[in-house]
Amino acid sequence: MGASADHPPPPDNQPAIFLSGTDFDLPPVLPVGLAKYQGFREMARGGAAVLRSAVDTLTGRTVAIKTLLPELRGNLQEQRRFLREARVTAQLQHPGVVPVYEIGRDEREGLYFAMKRISGENYFEALKRIARGDGQTAADFPVARRLDIVIDAAMALAYAHTRGVIHRDVKPENLWVGNFGEVVLLDWGAAKVWGQPDELLQRPSPADSLALEEESPPLQALTVAGQRPGTPLYMSPEQVAKNGAIDERTDIFSTGVVLYEMLTFREPFRGRVIAETFANIASLTPPPPSEVAPPALSPGTLPAELDATILRAIAKKPADRHPTMFALIAELRDAMERVRS
C-alpha cells in the first residue's frame, strides 16, 4: 500500500498504523517466547549477541530483540552478563534509555529480551559525515545541536548514577539520535552496578594481554572484554589502571572525550596501537579543543569556558573532574548559550 495524504510514510521503514491492525481478536492459544514474534530481520551483530527487528503479533508493534549468538547460548558467564544488561536497561526508566518490554527464555534460542525499536542513527555516523565535508549534515548538526545531543545523553547518565549504575562505555556509537530529535544512550552491557559483583572483571581477557604489546594491531573502536570494560579510545585513567575506583566520574571522563571529538573530529588520546593509547590516557594532556577544531567544521569562536569544561572533564585524577554529571551538564548549558549567541 502506498503513502497518501491521509497515511504519510512512516520513518525508517516502520509500518504505518491502520485500523485493521489495531482491532482484532487474540488467538485462542497465546504464543509464548519468541513464537509470538514474526518477520525477523537482523539489524546488528556483535561479539556475543545479535539484534533483530520483529513484529509482536499480540500487540502489533515492531520491536528489537536481542539474543546470544548460538555458540554462546550455553555459556553461563555470557548468560549472566546478558541478563545483567537486560535488567539494568529495564530498570532505568528514563526517556534517554530504550524501554525493555520483555525478558524471556525461548526453548530453541535461549535467553532473549525485547526492546523498543528506535529509528535514526548513532551519533558517530553523523560526525563522520561532517568530517567528510557533508554540508547538509553540518547544517543539521551545528555546534549547539551537537552540544545538545551530548547534554541529553548526560542527563540519562545522571539519572543512572542516582540509581547506582555507571555506564562505562560512553562513546558516539552508543549515542542514538532519533528521527524526531530524541537522544538515547545505548548498550548497558558494560555497566557497573553498586553492591553487585562485577562479572566483567572475572572474564578471561586475551585482548587485554595483547593490549600491552608493541606489536598490537592498529587501534580500532572495539570493546575490550575482561579487566578493562569499555572502549579504549574513551576509557578513563582509572579503567586503564585496572585497580582504580570506578564511579560516576568515570562516565564524566568518557563524556568529556566525546565532547572533545565532536568539536575537533579527532580523539584526544588516540595512539598508533592500543598500548600507546593507554599511555596517552594515563599521561598526555591534549591541547584545548578550540586550538585544534577545524574552523570549517566547528564554525565560530568556541567559548573559553567550553575549553575549560572539557579539559576539566578529562582530567587525569577523578578528584580534578566535575564531582557529578549534573555539575558537568550545568557548565555545558552555560557554554551552549554562549555558542548560540
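Since the model is a prediction, treat every value here as computed from it, not as a measurement.

Engineer: Looking at this model, I keep getting lost on the sheet that holds strand 4 (residues 100-106). Mind explaining?
Structural biologist: Spatial strand order, 1-2-3-5-4: 5 strands in an open sheet with antiparallel pairing. Edge strands, defined here as strands with exactly one partner in the open sheet, are strand 1 (37-45) and strand 4. For this sheet, the mean inter-axis angle between neighbouring strands, taken without regard to orientation, is 25 degrees. Of the pairings in the sheet, the one linking strand 3 (residues 62-68) to strand 5 (residues 110-116) comprises 5 bridges and is antiparallel in character. Within strand 5, the position partnered with A64 by the bridge is M115.

Engineer: I keep staring at the pairing of strand 1 and nothing clicks. Help me out?
Structural biologist: Each regular strand shows side chains that alternate between the opposite faces of the sheet. Sheet analysis places strand 1 next to strand 2 (residues 49-56), joined by 6 bridges and oriented antiparallel. Counterpart to R41 in the pairing with strand 2 is S53. Two successive antiparallel strands, strand 1 and strand 2, enclose a turn made up of 3 residues.

Engineer: Before we go on, may I ask you to explain the packing of aromatic side chains in this structure?
Structural biologist: Remark: the centre distance and the inter-plane angle together describe each pair of aromatic rings, the angle taken between the planes. Under the criterion given, the structure shown has 2 aromatic pairs. Between F82 and F113, the ring centres sit 5.1 Å apart and the planes meet at 55 degrees, which makes this aromatic pair tilted. In this pair, F82 sits in helix 1 (residues 76-91) while F113 sits in strand 5, placing the two residues 31 residues apart along the sequence. Like F113, F82 is buried. Plain terms: the ring middles of F253 and F269 are 5.7 Å apart, the flat faces sit at 15 degrees to each other, and that makes the pair stacked.

Engineer: Explain the pairing of strand 2 to me, please; I cannot follow it from the model alone.
Structural biologist: Judged by how many residues are buried, strand 2 sits mostly within the fold: 6 of 8 residues are covered. In the sheet, strand 2 pairs with strand 3 via 7 bridges, with the strands oriented antiparallel. Its bridge partner lying in strand 3, A49 is registered against L68. With antiparallel pairing between neighbouring strands as the criterion, strand 2 and strand 3 make up a hairpin whose turn holds 5 residues, including G60 at a positive phi of roughly 80 degrees.

Engineer: What is the right way to read the confidence of the model for the chain from this model?
Structural biologist: Fine structural detail should not be taken from predicted coordinates in areas where pLDDT scores are low. Mean pLDDT over the chain: 85, with 82% of residues reaching 70 or higher. Here residues 201-229 is a poorly scored stretch, pLDDT under 50, and it has 64 contacts once near neighbours within four places are set aside; other chains count.

Engineer: Can you walk me through the sheet that holds strand 8 (residues 175-178) in this structure?
Structural biologist: Paired through backbone hydrogen bonds, the strands of a sheet run either parallel or antiparallel to each other. Spatially, 3 strands are ordered 6-8-9 in an open sheet, and the strand pairing comes out antiparallel. Of all the strands in the sheet, just strand 6 (120-122) and strand 9 (183-185) have a single pairing partner and so form its edges. The sheet shows a mean angle of 25 degrees between the axes of neighbouring strands, taken without regard to direction. Pairing of strand 8 with strand 9, which is carried by 3 bridges, proceeds in the antiparallel orientation. Bridge pairing in strand 9 places L175 opposite L185. Across the face of the sheet, helix 2 (residues 123-131) comes into contact with strand 6 and strand 8 while running at roughly 80 degrees to strand 6. Lying over the sheet, helix 4 (residues 143-162) contacts strand 8 and strand 9, oriented at roughly 45 degrees with respect to strand 9.

Engineer: When you look at helix 7 (residues 248-264) in this model, what are you seeing that I'm missing?
Structural biologist: An α-helical segment advances 3.6 residues per turn. Residues three or four places apart therefore align on the same side. End to end, helix 7 covers 25 Å across 17 residues, agreeing with the expected 24 Å (1.5 Å per residue, within 8%). Among the 17 residues of helix 7, 15 are classified as buried, and the element is accordingly described as predominantly covered. Directly beyond the C-terminal end of helix 7, a positive phi value near 60 degrees is found at F265.

How each quantity is defined
Residues numbered from 1 in each chain as written. Predicted model: local features only at pLDDT ≥ 70, side-chain atom pairs only at ≥ 80, totals over all residues. Heavy atoms only, no water. Pairing = 2+ DSSP bridges. Helix = DSSP H or I, 4+ residues; strand = E, 2+ residues; numbered from the N terminus. Axes fitted to C-alpha atoms, helices over the stretch in contact; angles between N-to-C directions. Phe/Tyr/Trp six-rings, centres within 6.5 Å; stacked < 30°, edge-to-face > 60°. Buried < 20%, exposed > 50% of the residue type's maximum accessible area, 1.4 Å probe, protein only. pLDDT = per-residue confidence, 0-100. Contact = heavy atoms within 4.5 Å. Expected span 1.5 Å × (residues − 1).

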